[in-house]
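If you want the building blocks of each chain, they are given just below.
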Amino acid sequence: MILYPAIDLKDGQCVRVVHGDLSTATVFNTSPGDQARTWADGGFHWIHVVDLNGAVSGKAVNQAAVEEILSAVSVPVQLGGGIRSMADIEGWIEAGVSRVILGTVAVRQPEIVREAARAWPEQIAVSVDVRKGKVAVQGWTEDSDLDAITVAKRFEDVGVSALIITDIDRDGTVMGFNVEAFGAIADAVSIPVIAAGGLATIDDIVRLKARKGTRIAGAVLGRALYNGAITPAEALQVAA
């Protein structure tokens, strides 16, 4: 299982928020580059970056911070937040992002996801952000009437490299993973699933790995990593 330490960017700083609400932001590092180096030096093989301001506004806001991260580390970076067009996607891939994450357009303009997946095979992921059973968009400020499996199935066989499923109701709360919810989506589609939202302890990774059914491909680590509830070494050991 691949672990993805998260760097959520708000106003150029590394923050954690609760339920995606930017007003709840806690700053953990004022230097995104330093934070990226910390995760890379800790042994992680990927870094998960989200432009929180960009997700809400619909365009890149923390561009300089993302570029700082890309310059700081050699491990691959996946990026989401405010990426809404083919030009946006191309710009980030040319800048060195290894995988671009598309969320709002996956609901509102799924043809962009399909076109991007054809143009950049294995470099496009879809973010499916779930609140009370429905998929949220526009930086989680708006709800759609679609469920996660409906959205996920739109992209079967188009070359999407991963589905990042975020449990908004638990995101930033350190309540523990809803393993069965992630598992149900993994069992319903052939695209690899990365679980996000609520990871609290090493036991969450153990339970994610142990569930019967389709293997969960990865997990995003957020607040529990920042507050020291789990360490990079122990997380990576359990996930191996």
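Residues numbered from 1 in each chain as written. Predicted model: local features only at pLDDT ≥ 70, side-chain atom pairs only at ≥ 80, totals over all residues. Heavy atoms only, no water.

Participant: So, helix H9 (residues 202-210): which residues are in play, and what are the values?
Facilitator: Buried within H9 we find Ile 202, Asp 204, Ile 205 and Leu 208. Projected down its long axis, H9 shows its buried positions confined to an angular sector of 160°, all on one face. Taken together, the buried residues of H9 touch strand E1 (2-10), helix H8 (179-188), strand E11 (193-196), strand E12 (218-221) and helix H11 (232-239). (Buried < 20%, exposed > 50% of the residue type's maximum accessible area, 1.4 Å probe, protein only. Helix = DSSP H or I, 4+ residues; strand = E, 2+ residues; numbered from the N terminus. Arc of directions from axis to C-beta. Contact = heavy atoms within 4.5 Å.)

Participant: Describe the side chain of Ser 31, and please don't skip the residues or the numbers.
Facilitator: Among the secondary structure elements, Ser 31 is positioned in the loop between strand E3 (21-29) and helix H1 (32-41). Residue class for Ser 31 comes out buried when judged on its relative accessible area of 17%. In this structure, Ser 31 is in contact with Cys 14 and Glu 68, ignoring residues within four places of it in sequence.

Participant: Pulling in residues and values, what's your account of the packing of H9 against H11?
Facilitator: The interhelical angle for the contact between H9 and H11, taken along N-to-C directions, is 15°, at an axis separation of 9 Å. Between H9 and H11, the angle falls in the class roughly parallel. Between H9 and H11 lies a crossing whose hand is right-handed. Judged by residue contacts, Ile 202, Ile 205, Val 206 and Lys 209 of H9 engage Glu 234, Ala 235, Val 238 and Ala 239 from H11. Split by residue class, the contact of H9 with H11 holds 6 nonpolar, no polar and 2 charged. (Axes fitted to C-alpha atoms, helices over the stretch in contact; angles between N-to-C directions. Parallel < 35°, antiparallel > 145°, perpendicular 65-115°, else oblique. Left-handed = near helix turned anticlockwise from the far one by under 90°. Nonpolar A, V, L, I, M, F, W, Y, C, P; charged D, E, K, R; others polar.)

Participant: Go over the side chain of Arg 211 with me, naming the residues and quoting the values.
Facilitator: Mapped onto the secondary structure, Arg 211 falls in the loop between H9 and E12. Its relative accessible area of 12% is what places Arg 211 among the buried residues. Within the structure, Arg 211 has its side chain in polar contact with the side chain of Asp 187 (distance 2.8 Å). One polar contact links the side chain of Arg 211 to the main-chain carbonyl oxygen of Thr 214, over a distance of 2.9 Å. (Polar contact = N/O pair within 3.5 Å; in protein donor to acceptor, adjacent residues only side chain to side chain.)

Participant: Please set out the nonpolar core residue by residue, giving values where relevant.
Facilitator: Counting 71 residues, the largest nonpolar core has Ile 7 and Ile 89 as the members making the most contacts within it. Here this core takes 5 residues from helix H3 (residues 63-72), the largest share from any one element. Ignoring any residue separated from it by four or fewer positions in sequence, one finds Ile 7 in contact with Cys 14, Pro 32, Gln 35, Ala 36, Trp 39, Ile 47, His 48, Val 49, Val 50, Ile 69 and Tyr 226. Residues Ala 125, Ala 162, Ile 194 and Ala 196 belong to the second largest nonpolar core, which totals 10 residues. (Core = buried A, V, L, I, M, F, W, Y, C linked by side-chain atoms within 4.5 Å.)

Participant: Describe H8, naming the residues involved and giving the relevant values.
Facilitator: Residues of H8 that are buried: Val 179, Phe 182, Gly 183, Ile 185 and Ala 186. One face of H8 carries all of its buried residues, which in axial projection span an arc of 165°. In this structure, the buried side of H8 is in contact with helix H7 (148-153), strand E10 (162-167), E11 and H9.

Treat this as a map of the structure, not an account of what it does.
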